[in-house]
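Chain residues, written in single-letter form:
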Amino acid sequence: MRLYNTLTKKIMEFKPYNDNEVTMYTCGPTVYYYAHIGNLRTYISEDILEKGLNYLGYKVKRCMNITDVGHLTGDGDTGEDKLMTAAKKEHKSVLDIAKFYTEAFFKDLERLNIKKPEIVSPATENIDFYIKMIEKLLKDGYAYASGGNIYFDTSKFSNYYELSGRSKDDLMLAVRDDVEADNNKRNPFDFGLWFTNSKFNDQELKWDSPFGYGYPGWHIECSAIAIQNLGEHLDIHCGGVDNIFPHHTNEIAQSECYLGHKWCNYWVHMEFLNDKTGKMSKSKGDSKDLNSLIEKGYDPIVYRYFCLQSHYRKVLVYSLESLDMATNAYNKLKGKIKNIKSNLSGQLEKDKIEFYQNKFKEAFSNDMNTSMMLTTLYDVIKSDMNNNTKFYLIEDFDKVLSLSLLDDEQISLEFESYIRKKIEERTLAKKNKDFALADKIREELAMKNVLIKDTKEGTVFEIRK
Ligand code: AMP
Ligand code: ZN
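Residues numbered from 1 in each chain as written. Chains lettered and ligands numbered in written order. Predicted model: local features only at pLDDT ≥ 70, side-chain atom pairs only at ≥ 80, totals over all residues. Heavy atoms only, no water.

Draft legend 1. Representation of the domain arrangement of the protein chain within the structure. For the protein chain, the assigned domains read domain 1 (2–270), domain 2 (278–401) and domain 3 (413–463). Distance from the C-alpha centre of domain 2 to the C-alpha centre of domain 3: 29 Å. Across the boundary between the two partners, domain 2 contributes nine residues, which contact seven residues of domain 3. Per-residue buried area on domain 2 facing domain 3 is highest for Ile294, Gly297 and Asp324; these three make up 48% of the total on that side. At the surface where domain 2 touches domain 3, the tally comes to zero salt bridges. Counting across the interface, domain 2 meets domain 3 through four residue pairs in polar contact (both at pLDDT 80 or more). The set of elements that each furnish at least two residues to the side of domain 2 that touches domain 3 consists of α8 (290–295) and α10 (320–341). It is α10 that contributes the most residues to the side of domain 2 that touches domain 3, four residues altogether. Each residue belonging to the side of domain 2 that touches domain 3 can be placed in one class, and the counts come to two nonpolar, four polar and three charged. (Domains from an automatic or database assignment. Contact = heavy atoms within 4.5 Å. Buried area = accessible area lost by both parts, 1.4 Å probe. Salt bridge = Lys/Arg side-chain N within 4 Å of Asp/Glu carboxyl O. Polar contact = N/O pair within 3.5 Å; in protein donor to acceptor, adjacent residues only side chain to side chain. Helix = DSSP H or I, 4+ residues; strand = E, 2+ residues; numbered from the N terminus. Nonpolar A, V, L, I, M, F, W, Y, C, P; charged D, E, K, R; others polar.)

Below you can see the structure in the form of structure tokens.
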């Protein structure tokens, strides 16, 4: 397995710390709103990484946090706590907000065939361990108290700039808008480990601690949850590219100063999904979540397929037209597989199975080349193997791809209600003699492979195979 490692800026041979067991940590969502489809692209890639490693024979122990406290609107410890802002807006308690959006996130995972990590841990359930880590960092001189808060002293960690690969001056220029002057800090990139006195004082969730009544910073959560659940040596840490600085940079600093040795060997970062206007962001409030795609008649699995067509280290630009194209390709693929499934015959061809499995492994091992993995699937379908062998391989590859390739053609209830809504809109348009709109709706449905026919009993539809 060869993986690009942000730490070394190279594609490297992957070797876990313990022979066949891989520990993997994923930064989880900040649950103040629905995950947007950009966030979900990252979780899809992480899911493929875990399942692909399983396919290669590794046992993967994976852990993810749920950020329900401490993530401020500015990554440089500025602004309000994101959950607190949402709670005020929705007139609910912070914990109610967290519970609601955590459940919504799990539902999204399920709809996208993403396996929930073995360990999922909310930030608010690990306060004792943050305190333990912060106490040690203070004792060893890596942290200091100032203005009522505890900060990590970045000048004490000589490798602080290694992950980002940028110099201090360069970073200062890059993030100057995000780093507000905080006179309590000794160095501009020092970050809060514990706040008892931040600019933002009406934090709903606070805990007693040796440093005063307060709440943890965002970064300490991931270090503590990872170390507590996966041990002192971590194989893979992943997240979106926006996490490289400051979040993951800070995680490395505090974890390695706490442990006294190197912590994580492979840092894997997923590139962004953008829309045509640029970066997608939950806090901009105009984000696209999975529900909004479903309401427009797109199958979540088509979104997964769309993501797998491109490489995780390339920016992916999303538009409804590109999803229409993915829908068509996916439906055609399912049609071909259905054909194979209904004409099963022949003995399993063992050599060919091994040949294609190796090709599939090779594609995954090539820095998780998902489009090459899909190509291997198409190669199997196009090949001259008998249908039993093809079926076997499709089922096998789908353990990693998770595209519901063998599910019987059945449209989801959500898709059916979308079609019915569109038909009603079209009937109304025709009644109002707005034929342009009626045609537009027909075309819209046809783009999604839905063919409509007007009969004496009303409008009926069928799905084009
Ligand atoms: P958050 O809930 O904001 O903490 O983000 C959850 C995950 O999504 C993190 O790994 C982020 O790095 C990642 N992420 C945020 N925005 C995007 C985007 N537009 N495209 C892909 N991943 C993203
Ligand atoms: Zn994290």
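Once the structure has been displayed, the description carries forward.
Draft legend 2. Spatial organisation of empty space enclosed by the protein. One pass over the structure, following the stated rule, counts three cavities of 30 Å³ or more. Its volume calculated, the largest cavity comes out at about 70 Å³. Together, Arg41, Ile44, Ser45, Ile48, Cys307, Leu308, Ser310, Tyr312, Met368 and Thr370 line the largest cavity. At the level of elements, α1 (37–55) and α9 (300–308) are the ones that each hand at least two residues to the lining of the largest cavity. The element contributing the most residues to the lining of the largest cavity is α1, with four residues. Tallied by class, the residues present in the lining of the largest cavity amount to six nonpolar, three polar and one charged. When residues of the lining of the largest cavity are assigned to domains, at least three map to each of domain 1 (2–270) and domain 2 (278–401). (1 Å grid on protein atoms, 1.4 Å probe; cavity = no way out; pocket = protein on both sides within 12 Å on 5 of 7 lines; lining within 4 Å. Points joined across faces, edges and corners; volume = space filled by probe spheres on them.)

Draft legend 3. Region of interest: the sheet that holds strand β14 (residues 273–275). Sheet architecture is open: three strands sit in the order β15-β14-β16, paired in mixed fashion. With partners counted over all chains shown, the strands left at the sheet margins are β15 (278–279) and β16 (316–318), one partner each. (Pairing = 2+ DSSP bridges.)

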